[in-house]
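Residues per chain, in single letters:
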Amino acid sequence: MVVQQHRSGGGARAVCALAVMGVMAAAAGCSGGGGDRAAADDRAGPGAVEAVRQAAAVLTGADAGGASSAEGSPAQAGARADAGTRAGAGAEAGAGTTAKVNTSMETAAGGTRVTIRGRGTYDFRSRSGRLKVVLPQDAVGKEEHLPITELLAPGALYMMNRGAGVPKDKWVRIDTTALADGNLVTGGATDPMAAAELLLGARAVTYLGESDLAGVTVRHYRGTADIGRAARQVPAASRGALAAAAKGFRTDTVPFDAYLDEQGRLRKVRHRFSFANEGPAVEVVSTTLLYGFGVPVSVKIPAGRDIYTGEIRQGQQP
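Okay, so let's go over this structure. Note that the structure is a prediction, hence the values are computed from the model and not measured.

**Observations regarding the side chain of Thr176**
Right, so step 1: Relative to the assigned elements, Thr176 resides in the loop between strand E6 (171-175) and helix H6 (192-198).
Right, so step 2: The buried category is assigned to Thr176, whose relative accessible area is 5%.
Right, so step 3: Beyond its immediate chain neighbours, meaning those up to four positions away, Thr176 contacts Gly155, Ala156, Leu157, Gly182, Asn183, Ala241 and Ala244.

Written out as structure tokens, the structure reads:
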């Protein structure tokens, strides 16, 4: 497990800092086998790396190979071509740029483990989506927090029912390019675009075989993602949040598990973030599940008059 250290301080303090405007503070209190020939070709080496990067590129619109795409051995060039062919076929077959999304974010700190779950839709072309994030119940099962509605947009996160002191009909707007984690954990759900973009930095990837995911045959890959490399592959106009994350961590290597379907589409990705310095490590496991490709997505950005600009009292909910 790679330990990521936030520049601003210790483990618990790092999570608190990342969650200043997010829901993590409210929730945690800051305390198969075979496969076809294509799958076999992806089991190790450049084939596995390029398969994961290409799946991410289809969703993000980025260049999976980046500046080095024309370099490398003939085997690497062939792996890129094979991965691109499969992912391209997936797009033509209806991979789509929209999808239904399920998210979960699990964290453990001070002996307490909590899970935040989200559900909604996302449009990768417009980089926007809508999620309803459900915070965990307390120890006796009583619901402590209202569900939070999140609107995801380029460079911004809008939250309804965010915290105490915010009128119920007002939104809180967060500039994700100013967040130390680029909204990888702050909102209680990793932005689906950021989850895919991280895979553009995939490296040291291993193919682990086929499995079943909700009735869909998927190929399982495990590796690490370099946030800095991923940020460099994202189009300049869209790289703000990921670039912030690349600068916000002392170590920008993130372990992941990615699951691609037979068309090369990303179906599920799990990232493991870990923060530690002076205190015990705090681990955050974020999972994004994509399905229902092609679903209609409608996101209406709140008008200025509907955005709350006052103080938010941390650790409380209305």
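Now that the structure is up, let's keep going.
**Here's the deal with the pairing of E6**
Right, so step 1: When strand E5 (residues 156-160) meets E6, the two strands line up antiparallel, connected through 5 bridges. Bridging across to E6, Met160 finds its partner in Trp171.
Right, so step 2: By the bridge criterion, 2 bridges tie E6 to strand E12 (residues 307-308) in an arrangement that is parallel. When the bridges of E12 are listed, Val172 appears paired with Tyr308.

**Let's talk about the layout of surface pockets**
Right, so step 1: Here the largest pocket defines a volume of roughly 210 Å³.
Right, so step 2: Lining the largest pocket are 19 residues, and of these Arg127, Pro154, Gly155, Ser238 and Ala241 sit closest to its centre.
Right, so step 3: When residues of the lining of the largest pocket are traced back to their parent elements, those giving at least two are H6 and helix H8 (240-248).
Right, so step 4: Grouping the constituent residues of the lining of the largest pocket by class yields 9 nonpolar, 6 polar and 4 charged.

**Describing the pairing of strand E7 (residues 202-213)**
Right, so step 1: One ladder, built from 9 bridges, connects E7 with strand E8 (residues 216-226); its direction is antiparallel. The partner of Asp212 across the bridge, within E8, is Thr217.
Right, so step 2: Between the end of E7 and the start of E8, which pair antiparallel, lie 2 residues, with Ala214 showing a positive phi angle near 50°.

**Concerning the packing of aromatic side chains**
Right, so step 1: The tally for this structure, following the rule as stated, stands at 2 aromatic pairs.
Right, so step 2: Note on Tyr122 and Phe124: the rings are 4.9 Å apart at their centroids and 65° apart in plane angle, and the pair reads as edge-to-face.
Right, so step 3: With a relative accessible area of 1%, Tyr122 lands in the buried category.
Right, so step 4: In this structure Phe124 comes out as buried when scored by relative accessible area, which is 3%.
Right, so step 5: Ring geometry for Tyr207 versus Tyr221: centroids 5.4 Å apart, planes at 55°, classification tilted. With Tyr207 in strand E7 and Tyr221 in strand E8, this pair connects stretches of sequence that are 14 residues apart. For the pair Tyr207 and Tyr221, one class covers both residues: buried.
Right, so step 6: Cation over ring: Lys268 sits above Tyr259, and NZ or CZ is 5.3 Å from the ring centre.

**Thoughts on the environment of Gly155**
Right, so step 1: Along the chain, the position of Gly155 falls in the loop between strand E4 (148-153) and E5.
Right, so step 2: A relative accessible area of 27% places Gly155 in the partly exposed class.
Right, so step 3: Once the C-alpha coordinates of Gly155 and Arg239 are considered, the two residues, 84 residues apart in sequence, prove to be 8.8 Å apart.
Right, so step 4: In contact with Gly155, other than residues within four places in its own chain, are Arg173, Ile174, Asp175, Thr176 and Thr177.

**Some words on the pattern of salt bridges**
Right, so step 1: If you walk through the whole model with that rule in mind, you get 8 salt bridges.
Right, so step 2: Two residues, Glu197 and Arg127, come together in a salt bridge whose shortest N-O distance is 2.9 Å. Residue Glu197 is found in helix H6, and its partner Arg127 is found in the loop between strand E2 (112-123) and strand E3 (128-134); the two are separated by 70 residues along the sequence. Just as Glu197 is buried, Arg127 falls in that class too.
Right, so step 3: The network of salt bridges with shared partners includes Arg222, Asp257 and Arg272.

What counts, and at which threshold
- Residues numbered from 1 in each chain as written.
- Predicted model: local features only at pLDDT ≥ 70, side-chain atom pairs only at ≥ 80, totals over all residues.
- Heavy atoms only, no water.
- Helix = DSSP H or I, 4+ residues; strand = E, 2+ residues; numbered from the N terminus.
- Buried < 20%, exposed > 50% of the residue type's maximum accessible area, 1.4 Å probe, protein only.
- Contact = heavy atoms within 4.5 Å.
- Pairing = 2+ DSSP bridges.
- 1 Å grid on protein atoms, 1.4 Å probe; cavity = no way out; pocket = protein on both sides within 12 Å on 5 of 7 lines; lining within 4 Å.
- Points joined across faces, edges and corners; volume = space filled by probe spheres on them.
- Nonpolar A, V, L, I, M, F, W, Y, C, P; charged D, E, K, R; others polar.
- Phe/Tyr/Trp six-rings, centres within 6.5 Å; stacked < 30°, edge-to-face > 60°.
- Lys NZ or Arg CZ within 6 Å of the ring centre and 35° of its normal.
- Salt bridge = Lys/Arg side-chain N within 4 Å of Asp/Glu carboxyl O.

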